[in-house]
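# Chains, contacts and geometry: an overview
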Amino acid sequence: MTIYPNLILDALRHVNHPATGKNIVESGIVEDDIRIEGMKVSFSLKLRSNDPLAKSLVKASETAILTYVGPDVEIKGNIAVKSPEQPQREQEEPLRGVRCKIAISSGKGGVGKSTVTSNLAISLSKLGYKVGVLDADIFGPSIPKMLGIEDGVPYANEAGLIMPIERYGIKILSIGFFVNTDTAIVWRGAMASGAIKQLLTEADWGELDFLLIDLPPGTSDIHLTVVQTIRLDGAIVVSTPQQVALADAVRGIDMFQNDKINVPVLGLIENMAWFTPKELPENRYYIFGKEGVSNLAQERGIALLGRIPLVQGICEGGDNGTPVSMTDTITASAFDNVAKKSIFAELLKGK
């Protein structure tokens, strides 16, 4: 079997870059350095070294060559990634069209932070605000599923910027659009931070009143990357009334109030404040404790923005991609009441 460069290029035309939808040959990603020595083939892909998709594109290229050229081609381990030389240009302020940037945080996982983020975004949008959501929870991106856009594929505009996907009147970007969410994301801290930085600085968010950034639980490199890349206007901390969750919420508050971070904590949201059965809408069962977040807010002198009840519909909505804020329910009213808090209108003053 004789292998020619055109055979390699034809095979690589079956590999598309998820951010642009174009194949890597037409996109100029395949370098003009294909070398063929018998059955051994080597070449380079022109990608940024911190591109979170670099490894998956290398693997897809190997698979394409083995499939369309021949299974005996020696290609594995022979595809290099070269970073293109970037021309020096004046550094632009990230997110120039975004008036207010708010981090949504939680001290621990499982308190419904992403549920709060997606539903609060919709409630703000219902009031006429232009809203975006960045799912920065690298290792557990759940916003696409909650908003019913798991199959979404963002594309790049003529300037090479990623265009967020629009749903329910809000703009959304998530690392979940670019990776296989059925498998674990095993990235080192620098790689995860690089991916978030790209979504912040290389996306066309347009004009927004609010960008809600759904952070991973706890404190990590991702949090530092966000505060070092953009200037946050504030943070909202989500917790359940449970004592173990409150202890972690305190650490989350302290992180934002640290002198090196210095991000204002706009308020707390008590999620799963009580359980109300669908059949008994007037009943309240405090299964995680009562008013724990309310007490913490009072102790810390921080505003309590709202208390969100736990009802069956909120779980069902998150699973089927129909957020509860789109319904006529007591939970939707709770999120709407949070969105109506004066803090949001005050943030926009002078912006």
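Residues numbered from 1 in each chain as written. Predicted model: local features only at pLDDT ≥ 70, side-chain atom pairs only at ≥ 80, totals over all residues. Heavy atoms only, no water.

### A closer look at the pattern of salt bridges
With the rule as written, the count across this model stands at eleven salt bridges. Here Asp214 and Lys113 are joined by a salt bridge, their closest N and O atoms 2.7 Å apart. Of the two residues, Asp214 is situated in strand S8 (residues 208-214) and Lys113 in helix H3 (residues 113-126); the sequence distance between them amounts to 101 residues. Note on Asp214: relative accessible area 0%, which makes it buried. Relative accessible area serves as the criterion here: at 5%, Lys113 is assigned to the buried category. A salt bridge links Arg251 to Asp248, with the nearest nitrogen and oxygen atoms 2.2 Å apart. Of this pair, Arg251 and Asp248 both sit in helix H7 (residues 243-257), three residues apart, roughly one helical turn. Through salt bridges with shared partners, a single network forms among Lys113, Asp137 and Asp214. (Salt bridge = Lys/Arg side-chain N within 4 Å of Asp/Glu carboxyl O. Helix = DSSP H or I, 4+ residues; strand = E, 2+ residues; numbered from the N terminus. Buried < 20%, exposed > 50% of the residue type's maximum accessible area, 1.4 Å probe, protein only.)

### What to know about the packing of aromatic side chains
Enumeration over the complete set of coordinates arrives at three aromatic pairs. With 5.1 Å between their ring centres and 80° between their planes, Tyr129 and Phe210 make a pair best called edge-to-face. Of the two residues, Tyr129 is situated in the loop between H3 and strand S5 (131-135) and Phe210 in strand S8; the sequence distance between them amounts to 81 residues. By relative accessible area, which is 0% here, Phe210 ends up buried. Geometrically, the ring pair formed by Phe210 and Phe344 is edge-to-face, given 5.7 Å between the ring centres and 90° between the ring planes. One end of the pair, Phe210, is in strand S8; the other, Phe344, is in helix H11 (residues 342-348), and 134 residues separate them in sequence. The class for Phe344 is buried, based on a relative accessible area of 1%. A connected cluster of aromatic rings, assembled from ring pairs, spans Tyr129, Phe210 and Phe344. (Phe/Tyr/Trp six-rings, centres within 6.5 Å; stacked < 30°, edge-to-face > 60°.)

### Details of H3
Here H3 contains 14 residues, and its C-alpha end-to-end distance of 20 Å stays within 8% of the 20 Å for a straight helix at 1.5 Å per residue. Summarising burial for H3: 13 of the 14 residues are buried, a large majority. Backbone geometry just downstream of H3 places Gly128 in the positive-phi region, at approximately 100°. (Expected span 1.5 Å × (residues − 1).)

### Focus: the pairing of strand S9 (residues 234-239)
In terms of burial, S9 is largely enclosed, as six of its six residues are buried. Taking every second residue as pointing to the same face, both faces of S9 are buried, with Gly234, Ile236 and Val238 on one and Ala235, Val237 and Ser239 on the other. In this structure, strand S4 (residues 98-106) lies alongside S9, joined through five bridges in parallel fashion. Bridge pairing in S9 links Ile102 to Gly234. For S9 and strand S10 (residues 265-275), the ladder comprises five bridges, and the chain directions are parallel. Opposite Ala235, over in S10, you have Val265 as the bridge partner. Traced from S9 through H7 to S10, the parallel crossover comes out right-handed. (Pairing = 2+ DSSP bridges. Right-handed = clockwise from strand over helix to strand, strands pointing away.)

### Focus: the sheet that holds S9
In spatial order, the strands read S6-S7-S5-S8-S4-S9-S10-S11; together these eight strands make up an open sheet with mixed pairing. This sheet does not close on itself; its edge strands, each paired only once, are strand S6 (165-167) and strand S11 (304-310). Neighbour to neighbour, the strand axes of the sheet diverge by 25° on average, direction disregarded. Across five bridges, the pairing between S5 and strand S7 (residues 170-174) is parallel. When the sheet's bridge partners are listed, Asp135 is paired in S7 with Ser174. (Axes fitted to C-alpha atoms, helices over the stretch in contact; angles between N-to-C directions.)

### Observations concerning H7
The end-to-end C-alpha distance of H7, which contains 15 residues, comes to 21 Å, matching closely the 21 Å that a straight helix rising 1.5 Å per residue would cover. Burial in H7 covers these residues: Ala245, Leu246, Asp248, Ala249, Gly252, Ile253, Met255 and Phe256. All buried residues of H7 lie within an arc of 165° about the axis, which places them on one face of the element. Opposite the packed face of H7, turned more than 90 degrees from it, sit the exposed residues Gln243 and Arg251. The secondary structure elements touched by the buried residues of H7 are S4, helix H6 (221-229), S9, S10 and helix H8 (292-300). (Arc of directions from axis to C-beta. Contact = heavy atoms within 4.5 Å.)

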